[in-house]
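What follows is the residue order along each chain.
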Amino acid sequence: MSHISPTIWQFLVKWMTNFALFPPEASKIAPQMDALYFFIALVSLIGLTIVILLVVSFSILYSKERHPNAVQIEGSTLLEATWTIIPLGLFLVMFVWGALIYFRVYTPPANAMNIYVVGKQWMWKAEHEGGQHEINSLHVPTGRAVQLTMISQDVFHSFSIPAFRVKREAIPGRYTTVWFEATLPGTYHLFCTQYCGTNHSQMIGDVVVLSPEDFKQWLASSTSGASLAQDGERLFASLSCAACHNTRPDARGPSLANVYGAKLTLTSGQAITADDAYLREAILNPSQHITQGYAPIMPTYQGQVSEEGVIALVEYIKHLDSDYRVQQTTTTTDLLPEGGGKATPAGPAPAAAGKVNP
Amino acid sequence: MPDSSAIDHGAVTTAGDAHAEHPSYQRHHFETVEQQADASAFAMWLFLLTEVMFFGGLFTAYLIYRNWYYPAFVSASHQLNVVWGTLNTVVLILSSFTMAMGVWCAETRRRRGLVLCLTLTMTLGLVFLGIKTVEYKEKIEKHHVPGQHYSLQSFLDPAHDEAALAAGDKPLALDMARHTEIYFSLYFAMTGMHALHMIIGIGILAFMIFRARAGAYTGGHVTFVENFGFYWHFVDLVWIYLFALLYLISRHQ
Amino acid sequence: MNYLTKENGLLSWLLTGDHKRIAILYLISITFFFFIGGALAGLIRLELLTPQSDLMATDTYNKVFTMHGVIMIFLFLVPSVPATLGNFFIPMMLGAKDLALPRINLLSWYLYVLGGILVIYTMVSGGVDTGWTFTTPLSTHYVNTNVLSTGMAVFIAGFSSIFTGLNFIVTIHKMRAPGMTWFRMPLFVWAHYAASILMVLGTPVLAIAVVLLALERTIGIGVFDPVKGGDPLLFQHLFWFYSHPAVYIMILPGMGVISEVISTFSRKRVFGYTAVAFSSVAIAVFGFFVWAHHMFIMGISNYAVLVFSLLTMLVAVPSAIKIFNWTFTLYKGSITFETPMLYAFGFMGLFTIGGMTGVFLGTSGTDIHLTETYFIVAHFHFVMVGGMLMAFLAGIHFWWPKMTGRMYPEKISQMAAVVTFIGFNLTFFPQFILGTLGMPRRYAAYPPEFQILNVFSTAGATILGVGYLLPVLYLVWSLKYGEIAGDNPWQATGLEWQTQSPPLTENFTELPIMDHEAYDYEWLENQKTKEVASAG
């Protein structure tokens, strides 16, 4: 084998070691999606086989040598109905099956652990609630639903984890979300799949799936000293938000305690639920998001707060209970999987009591 | 539009013997004059359909944004001058009338009448563009042209703005005021595209007047005048919609 | 005397109103751009031979794939069959002397050339790196390459396409020979009719999207800029409102070619003529309501996804109908295997794969994993290159004797067809696997474990390149040395075959009267018997 060039040899070795024609299944949704994938593949294969078999056998049976005189046939309503209805039926099965999976991928469960992701040319920044920041990597635990709330600072990006079979575009100007539950510890590819300019192909990273214990350790060792909500608290103070948003009876703005998840009525009469997207809009474009009973005096913070700042503020507001203080959480263990109830509140804040001063 | 069935022009069986009776303006690849006229009219309608799709994209964008940023669109529309707008609408409707008269003149072979009508149409078209220029000039002076020099003054401080004051505007919050730029973007894109169509139309009118003086359209071959008539009426029609959408519907809250 | 020899000199070509000469002008120009686009594809494949971005810098790579996309889509695929074969044969098939609007036809070619020149200017003056989809706000605020000149090229080429489509519709409505009823028209004409509707109604929306894009980029009007309250998704909607139907603009005329070829070489009327005709129209109609399936993961509402996914499934059905109808056309035929037929077989196989993988992407669930990866690249290359280009080559070979009066050399062209088929599969099939593994599209560099499949793909591209060069060589050769073809070498039934090759400028010596159904081979036999009788 010595005459084979080293490059080709290298290929062969790599080919052997990476003999994988299918990506690993490392999330809960992956096997479900693959089932559909193989179903469609099977139907395609059968369809293709039928077409090839028919074409080949007709070509042999009715070649000019064997069959010099063609028999003119107008058509056959029965046959045509068959190959209209059968494919239509199959396509509809795929449609329904696919839609079920689609809704599953983009409907996060209420108790999911939230991680913010900001895309920018050309890197991914992930921000955990405990204040752990990552660039071009994402650490997640197994066995825990993780929701990504994503936004882009500049152009369209797309956050893709092939091993999890999930992907969502991070677009400028609005939050998008996706969720997954990792099942298999390991390191997987993270790609930006929406073309985003010069270094698009370098906007890649690793998704590291850890066991819950390892993840706890990782959180503890990667903390930046302040949780995301505390960053938000600082920003809240420096922007003097509390001048209006406070609990005093004569406050010019609505109190923000317990506002997250609450149902609000706006001056326009519209009823909305205060979620991440609403809070972001209310900071950047306040005039369309004035709570009923308040004057439209809030200035816009568009251009003054970065997307990461907005995330910190949103996170702070999420954790506001009665008092406008966030507990020092350098040890972030209470964000952990086993304490499901203590994690991100899905309802009106009380679940976050553990992190807020009594 | 009636589709002339294929058999319609089947009367002529061979190209050879029909040639003798062809009028000079019949193009060689048509069998009959009617077929030629039919084909060009049909082509014009199809072209207008593409124009509908072209403006349709802009109208859709306008309606979506108006829905999102209603207060901004109301305040911004108060900056348009309804008097000029109405005047322009009248001018265009008049020009449509003169154009229709022109087509009639061509059909009834009145050369001088045709030249007169076309000249009037062109003049009215120019008057329209003149008025549009005055309006654009106002916008430039008030820095209402989107881009770097865009000014929010009229919307943040309507008390010091005549048009806003007249309409009784309340000051907009900064974030909403910013969205007036989208209104003006669409205003300029829509009226600009419309004006471009007017300019092209006026160019063709000039060419037609030149040819009409030589009697080109009064010898029975009126397809060109008729088709241009379709185009001109269509451009007028687009303006009627623009006038309603941009000037009128947000007038009163 | 024929349309080629009637007048001589460059001006007689550049000012011609003859649809056949304009078709030839188009054929030369699209071939030119096809090879530029092909060379760019070669560069892409070379770069992807290794995982690192080593042959060229990433921004060069980005420019290369952008130009590849722009050229192949707007300057090759959209005009390919309609502007050449459609232009040449629709009037002849209908028994007309020319398209309804010959001057508009010539104008359309000049607009195409102008668009082409702008694209070349763009390339020479530094290129553009937005991707052919011009995604905002990347294209409006973040790249500093020639977006404007490319946009203008697309705008102008778009009008060229509108005029072609408009001309076809008018011709089909108004220029049919006596007796040529709608359901006696060849399916090639039906397919072009459907494609023309898409051209006429879709392209203006692209035009307005490009105009707004240009305004956004030059003066910053804010319509697509989230900072100013604009919505970048609006651009996506406007862009795909054209660009999805554009896919059918590209494939429908190809399907028309396949109907002609399969019928001719199995000497049999197309099975279920009406179903095939209506399926073209159905594709055109449904084709307008599926555009948002390009945006499933962009954060449009889940319910919009439901609707668009369902409609996408519906648009897949007419394509399936066509495939089965073509297959059953072979049944009890009398089949010969000349080059056009080989290409048509290739088309059926590859288009079936391309169509079925489209279902993977139209199914909203699997789309999440597969979109924006090499799976989608492979899918649309199977449809566009495996489908449309195969159909184009089938058509060129099929009608070459009519267009030039000479036969192409059969043996070598059959070989080229086989080489193309093999090269194509080797190039693009591995990309399905790459996509499933998750390799993103538009990457200049990629993780090393994807290399082996990329090497296969590049190797296949080399073979494919040979497969495409061969026809150019032997077809040019045949212009001088090919056998004289005769009027109807394939014994086909279309009116275009019932006149001399190459045809007269007027197409027919006397106005034909259509007194039989389309694909009536018995009529053809009777004609021949009559001729023999009258000669005897």
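Residues numbered from 1 in each chain as written. Chains lettered and ligands numbered in written order. Predicted model: local features only at pLDDT ≥ 70, side-chain atom pairs only at ≥ 80, totals over all residues.

Asker: Just to check I follow, could you spell out the overall build of chain C for this structure?
Answerer: When helices and strands are counted, chain C shows 17 helices and 0 strands. Computed over its C-alpha atoms, the radius of gyration of chain C comes to 23 Å, within 12% of the 24 Å expected for a compact globule of 536 residues. Overall size of chain C, expressed as C-alpha extent along the three principal axes, is 80 × 45 × 45 Å. Here the analysis covers contacts within chain C between residues at least 6 apart in sequence; of these, 85% occur between residues at least 24 apart. (Helix = DSSP H or I, 4+ residues; strand = E, 2+ residues; numbered from the N terminus. Rg over C-alpha atoms; globule rule 2.2 N^0.38 Å. Contact = placed C-beta atoms within 7 Å.)

Asker: I would appreciate a short explanation of the overall build of chain A in the present structure.
Answerer: The number of helices and strands found in chain A is 7 helices and 12 strands. Each of the 358 residues in chain A was classed as buried or not, and the buried ones make up 42%. Sequence separation of 24 or more characterises 71% of the internal contacts of chain A that already satisfy a separation of 6 or more. (Buried ≥ 20, exposed ≤ 12 C-beta atoms within 10 Å, placed from the backbone.)

Asker: Before we go on, may I ask you to explain the interface of chain A and chain C in this structure?
Answerer: By a widely used convention, the size of an interface equals the accessible area lost when the partners come together. Taken together, the contact pairs 78 residues of chain A with 78 residues of chain C. Taken together, the elements giving at least two residues each to the side of chain A that touches chain C come down to helix 1 (6-17), helix 2 (29-61), helix 3 (77-105), strand 6 (157-161), strand 7 (166-170) and strand 9 (186-192) of chain A. Among the elements that take part in the side of chain A that touches chain C, helix 3 of chain A stands out by supplying 18 residues, more than any other. Tallied by class, the residues present in the side of chain A that touches chain C amount to 45 nonpolar, 24 polar and 9 charged. (Nonpolar A, V, L, I, M, F, W, Y, C, P; charged D, E, K, R; others polar.)

Asker: I'm lost on the interface of chain C and chain B in this one. Help?
Answerer: Chain C puts 41 residues into the contact, and the matching count from chain B is 37 residues. Elements represented by at least two residues in the side of chain C that touches chain B include exactly helix 7 (147-174), helix 8 (187-219) and helix 9 (232-266) of chain C. The residue makeup of the side of chain C that touches chain B, split by class, is 27 nonpolar, 7 polar and 7 charged.

Asker: Is there a simple way to think about unusual backbone geometry in this case?
Answerer: Generally, phi is negative for residues other than glycine and the peptide bonds are trans, each holding for most cases. With an omega of -10°, the peptide bond between Q121(A) and W122(A) qualifies as cis. Within the secondary structure, W122(A) is located in the loop between strand 1 (113-120) and strand 2 (123-128). Of note, the amide linkage connecting T136(C) to P137(C) takes the cis form, showing an omega dihedral of 0°. Here P137(C) is to be found in the loop between helix 5 (102-124) and helix 6 (138-142). In this structure, R267(C) is a non-glycine residue whose phi angle is positive, near 50°. The residue R267(C) is located in the loop between helix 9 and helix 10 (273-287) in this model. Classification of R267(C) by C-beta neighbours within 10 Å gives buried; the count is 26.

Asker: Help me out: how do you make sense of the sheet that holds strand 10 (residues 205-210) of chain A in this one?
Answerer: Adjacent strands of a sheet pair through backbone hydrogen bonds, lying either parallel or antiparallel. Residue and element names in this part refer to chain A. Here 5 strands make up an open sheet; going across it, the order is 4-10-9-6-7 and the pairing mixed. Unpaired on one side and paired on the other, strand 4 (137-141) and strand 7 mark the two borders of the sheet. Strand-to-strand twist in this sheet, taken as the mean axis angle between neighbours without regard to direction, amounts to 20°. One ladder, built from 2 bridges, connects strand 6 with strand 9; its direction is antiparallel. Opposite F159, over in strand 9, you have C192 as the bridge partner. (Pairing = 2+ DSSP bridges. Axes fitted to C-alpha atoms, helices over the stretch in contact; angles between N-to-C directions.)

Asker: Would you mind showing me how to read the nonpolar core here?
Answerer: Nonpolar side chains in soluble globular proteins tend to end up buried together. In terms of nonpolar packing, the biggest core is built from 344 residues, with L186(B) and A394(C) touching the most fellow members. For this core, the element with the highest residue contribution is helix 8 of chain C, accounting for 23 residues. Setting aside anything within four residues of it in sequence, one finds A394(C) in contact with V257(C), I258(C), V261(C), P340(C), Y343(C), A344(C) and F347(C). (Core = buried A, V, L, I, M, F, W, Y, C linked by C-beta atoms within 7 Å.)

Asker: What is the right way to look at the pairing of strand 1 of chain A in this model?
Answerer: Each regular strand shows side chains that alternate between the opposite faces of the sheet. Residue and element names in this part refer to chain A. Of all the 8 residues making up strand 1, 8 are buried; the element is thus mostly covered by neighbouring parts of the structure. Side chains of strand 1 alternate between two faces, with M113, I115, V117 and G119 and N114, Y116, V118 and K120 buried alike. Sheet analysis places strand 1 next to strand 2, joined by 6 bridges and oriented antiparallel. Residue pairing in the sheet places I115 in a bridge with H128 of strand 2. Between the antiparallel neighbours strand 1 and strand 2 lie 2 residues.

Asker: Even after reading the chapter, I still don't get the environment of Y187(B), so can you show me in this structure?
Answerer: Residues and elements named next belong to chain B. Relative to the helices and strands, Y187 resides in helix 9 (residues 180-213). Of the residues examined, Y187 has 26 C-beta atoms within 10 Å and is grouped as buried. Sequence separation of Y187 and L118 is 69 residues, and the distance between their C-alpha atoms is 29 Å.

Asker: Which parts of the structure should I look at to understand the domain arrangement of chain A?
Answerer: Residues and elements named next belong to chain A. One can read the domain layout of chain A as domain 1 (6-105), domain 2 (113-222) and domain 3 (228-331). Between domain 2 and domain 3, the C-alpha centre-to-centre distance is 26 Å. Taken together, the contact pairs 12 residues of domain 2 with 12 residues of domain 3. At the level of secondary structure, the elements contributing two or more residues to the side of domain 2 that touches domain 3 comprise strand 1 and strand 5 (145-152). Here the residues of the side of domain 2 that touches domain 3 sort into 5 nonpolar, 4 polar and 3 charged. (Domains from an automatic or database assignment.)

Asker: I'm lost on the packing of helix 2 (residues 33-68) of chain B against helix 7 of chain C in this one. Help?
Answerer: Angle between the axes and distance between the axes: these two values describe a pair of packed helices. The N-to-C vectors of helix 2 of chain B and helix 7 of chain C enclose an angle of 140°; their axes lie 9 Å apart at closest approach. It follows that helix 2 of chain B is oblique to helix 7 of chain C by the angle criterion. Considering the relative orientation of helix 2 of chain B and helix 7 of chain C, their crossing is right-handed. Seen from helix 2 of chain B, the contacting residues are Q35(B), D38(B), A39(B), F42(B), A43(B), L46(B), F47(B) and T50(B); seen from helix 7 of chain C, they are I162(C), L166(C), I169(C), V170(C), H173(C) and K174(C). (Parallel < 35°, antiparallel > 145°, perpendicular 65-115°, else oblique. Left-handed = near helix turned anticlockwise from the far one by under 90°.)

Asker: Is there a simple way to explain the sheet that holds strand 8 (residues 176-181) of chain A in this structure?
Answerer: Residue and element names in this part refer to chain A. Sheet architecture is open: 5 strands sit in the order 3-2-1-5-8, paired in mixed fashion. Every interior strand has two partners, whereas the edge strands, strand 3 (133-135) and strand 8, have only one. When the angles between neighbouring strand axes are averaged without regard to direction, this sheet yields 25°. The pairing of strand 1 with strand 5 spans 7 bridges and is parallel. Across the sheet, I115 pairs through a bridge with L148, a residue of strand 5.

Asker: What exactly am I supposed to notice about helix 4 (residues 80-94) of chain C here?
Answerer: An α-helical segment advances 3.6 residues per turn. Residues three or four places apart therefore align on the same side. All names here are of chain C. Between its first and last C-alpha atoms helix 4 spans 20 Å; for 15 residues at 1.5 Å apiece the expected length is 21 Å, and the two agree. Of all the bends in helix 4, the greatest measures close to 55° and is centred on G86. Phi for G95, located one or two positions after helix 4, is positive at around 80°. (Expected span 1.5 Å × (residues − 1). Bend = angle between axes of the 7 residues up to and from the residue.)

Asker: Would you take a moment to explain the environment of I323(C) for this structure?
Answerer: Structurally, the position occupied by I323(C) is in helix 11 (residues 302-330). Once residues lying within four places of it in the same chain are set aside, the contact partners of I323(C) are V51(A), M348(C) and T352(C).

Asker: Would you mind going over the packing of helix 9 of chain C against helix 12 (residues 339-362) of chain C with me for this structure?
Answerer: Residue and element names in this part refer to chain C. The geometry of helix 9 relative to helix 12 is characterised by a closest axis approach of 9 Å and an angle of 125° between their N-to-C directions. The orientation of helix 9 with respect to helix 12, classified from their angle, is oblique. The interaxial crossing formed by helix 9 with helix 12 has left-handed handedness. Here I258, V261, I262 and F265 of helix 9 come into contact with helix 12, specifically with P340, M341, A344 and F347. Counted by class, the contact of helix 9 with helix 12 contains 8 nonpolar, no polar and no charged residues.

Asker: Just checking my understanding: could you explain the environment of L256(A) for this structure?
Answerer: All names here are of chain A. As for its position among the elements, L256 is in the loop between helix 5 (228-238) and strand 11 (263-265). Residue classification places L256 among the buried positions, given that 25 C-beta atoms sit within 10 Å. Spatially, the C-alpha atoms of L256 and T223 are 27 Å apart, while their sequence positions differ by 33 residues. Among all residues touching L256, those that are not within four sequence positions of it are H245, I317 and L320.

Asker: Would you mind going over the confidence of the model for chain A with me for this structure?
Answerer: When pLDDT drops low, the exact placement of atoms in the prediction is not to be read closely. In the predicted model, chain A carries a mean pLDDT of 84, and 84% of its residues have values of at least 70. Taken as a whole, residues 329-358 of chain A scores under 50 in pLDDT and shows 69 contacts with residues more than four places along the chain or in a different chain. (pLDDT = per-residue confidence, 0-100.)

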